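Single-letter residue listing:
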Amino acid sequence: MANRTFGWIQNPSDFSKLKNVVALFCRSSNIYKELVGGKLEELVDDKKLLDKMLKALREGEIVDIDYLLLKGRAPKNGTPRSKAKCTGIVQAVLSNQKGRAFSDDWTADGFLRWGISLGLLDYNIHTDTVSITKLGLSLVNANIEKKEVEVLTTAVLSCPPVARVLNLLYSNDGQPMTKFEIGRRLGGLGEPGFTSIPQELYIQAVSSANEFKDKSSIRANTEGTSDKYARMICNWLKKLGLVQSDSIEKTVTIGGKDYSTKM
């Protein structure tokens, strides 16, 4: 039995790409037709692997595919991801940000876990396979933006970490919260993989930096895992119109000295 974890998602945020990943499990979708109609042959060099992919997509009453066949394998022997071959069906669905026609196994895994966590895809723990859910099918069949937003809103609100973020925002009397304020109360702190940067130290570091590039570097690179979860979840909610972002000035006093920065 494979040991896989779902629920906490850090990186995927493009709902259109998520819809494409879900669509590969629907035989009437353009994404599915492209894959079996020649796209996989163009991208996958390993012919045995290609045959497995096409067989998995075509056989059975429903599209139910092995997780590893969807995700693909990590590059071997220290090969950089930029030079890796296409080894997963989901990789073939997701174009690379640098213009390559496919992504890597790490990106594919993130979108798979995102779809499963939102209830758009179903994971069978006994067979280590993935298939589409009724909600996922509704997303694939949504042909107008309003309907897409409705389905995605239903999916997102069913995710416990999202519900926790909304609860924290709602209980803050309408005042905005930073990713650090949400992250430290999001849950899981103290457990492996859950960290939050003290907001006071962040503000002090940004305020004390002399160069603009140093301030930018601190802003871009200083966050714990829970802070990143909070940021990504709020990004999803913002795209769906459920929350809005705001800029606020924060001031802390450390060692008798005030430090201020915009958050």
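Residues numbered from 1 in each chain as written. Predicted model: local features only at pLDDT ≥ 70, side-chain atom pairs only at ≥ 80, totals over all residues. Heavy atoms only, no water.

Undergrad: Report on the overall build of the protein chain, specifying residues and quantitative values.
TA: Summing up its helical and strand segments, the protein chain has 13 helices and 5 strands in all. Seen through its principal axes, the protein chain has C-alpha atoms that stretch 70 × 40 × 35 Å. Residue pairs at least 24 apart in sequence account for 59% of intrachain contacts in the protein chain once pairs closer than 6 positions are excluded. Put simply, the protein chain has 37 plus and 30 minus side-chain charges, and the middle of one group is 3 Å from the middle of the other. (Helix = DSSP H or I, 4+ residues; strand = E, 2+ residues; numbered from the N terminus. Contact = heavy atoms within 4.5 Å. Lys, Arg positive; Asp, Glu negative; His and termini not counted. Charge placed at Lys NZ, Arg CZ, Asp CG, Glu CD.)

Undergrad: Which residues make up the nonpolar core, and what values go with them?
TA: Across soluble globular proteins, you tend to see nonpolar side chains buried next to one another. Within the largest apolar cluster, 66 residues are counted, with the highest numbers of intra-cluster contacts made by L24, L57 and I65. The residues contacting L24, other than those within four sequence positions of it, are S29, I31, Y32, L35, L57, V63, I65, L70, I89, V90 and V93. Within the second largest apolar cluster, 8 residues are counted, among which are I203, V206, I218 and V252. (Core = buried A, V, L, I, M, F, W, Y, C linked by side-chain atoms within 4.5 Å. Buried < 20%, exposed > 50% of the residue type's maximum accessible area, 1.4 Å probe, protein only.)

Undergrad: Please set out the pairing of strand β4 (residues 249–254) residue by residue, giving values where relevant.
TA: Relative to strand β5 (residues 257–262), β4 runs antiparallel, the two sharing 6 bridges. The residue bridging T251 from the neighbouring strand is S260, located in β5. Counting the residues between successive antiparallel strands, the hairpin from β4 to β5 contains 2 residues, one of them, G255, with a positive phi of roughly 60°. (Pairing = 2+ DSSP bridges.)

Undergrad: Which residues make up the sheet that holds strand β3 (residues 129–132), and what values do they have?
TA: Reading across from one edge, β1-β3-β2 is the order of the 3 strands in this open sheet, with antiparallel pairing throughout. Two strands in the sheet have a free side with no partner beyond their single neighbour: β1 (65–66) and β2 (121–124). Sheet topology note: the β2/β3 ladder contains 4 bridges and is antiparallel. Counted as the bridge partner of D122 is S131 from β3.

Undergrad: Summarise the packing of helix α7 (residues 134–141) against helix α8 (residues 145–157); cite the residues concerned and give the values.
TA: At a minimum axis distance of 8 Å, the contact between α7 and α8 shows a crossing angle of 155°. Of the possible angle classes, the one that applies to α7 and α8 is roughly antiparallel. Both α7 and α8 take part in a crossing whose hand is left-handed. Of α8, the residues touching α7 (which contributes L135, S138 and L139) are E148, V151, L152, T154 and A155. (Axes fitted to C-alpha atoms, helices over the stretch in contact; angles between N-to-C directions. Parallel < 35°, antiparallel > 145°, perpendicular 65-115°, else oblique. Left-handed = near helix turned anticlockwise from the far one by under 90°.)

Undergrad: For the environment of K134, give the residues involved together with the corresponding values.
TA: For K134, the position within the fold is in helix α7. Assessed through its relative accessible area of 75%, K134 is described here as exposed.

Undergrad: Give a detailed account of the pattern of salt bridges, specifying residues and quantitative values.
TA: Taken as a whole, this structure holds 8 salt bridges when the rule is applied. Put simply, K19 and E148 hold a salt bridge, and the shortest N to O gap is 2.5 Å. You can see K19 sitting in helix α1 (residues 15–23) and its partner E148 sitting in helix α8, a full 129 residues away along the chain. Of the residues examined, K19 reaches a relative accessible area of 16% and is grouped as buried. (Salt bridge = Lys/Arg side-chain N within 4 Å of Asp/Glu carboxyl O.)

Undergrad: If you had to explain the confidence of the model for the protein chain to someone new, which residues and values would you point to?
TA: Detail in the predicted coordinates should be disregarded across regions flagged by low pLDDT. With 98% of its residues at a pLDDT of 70 or more, the protein chain has an overall mean of 91. Mean pLDDT values for the elements of the protein chain range from 86 in helix α12 (residues 212–221) up to 98 in α7. (pLDDT = per-residue confidence, 0-100.)

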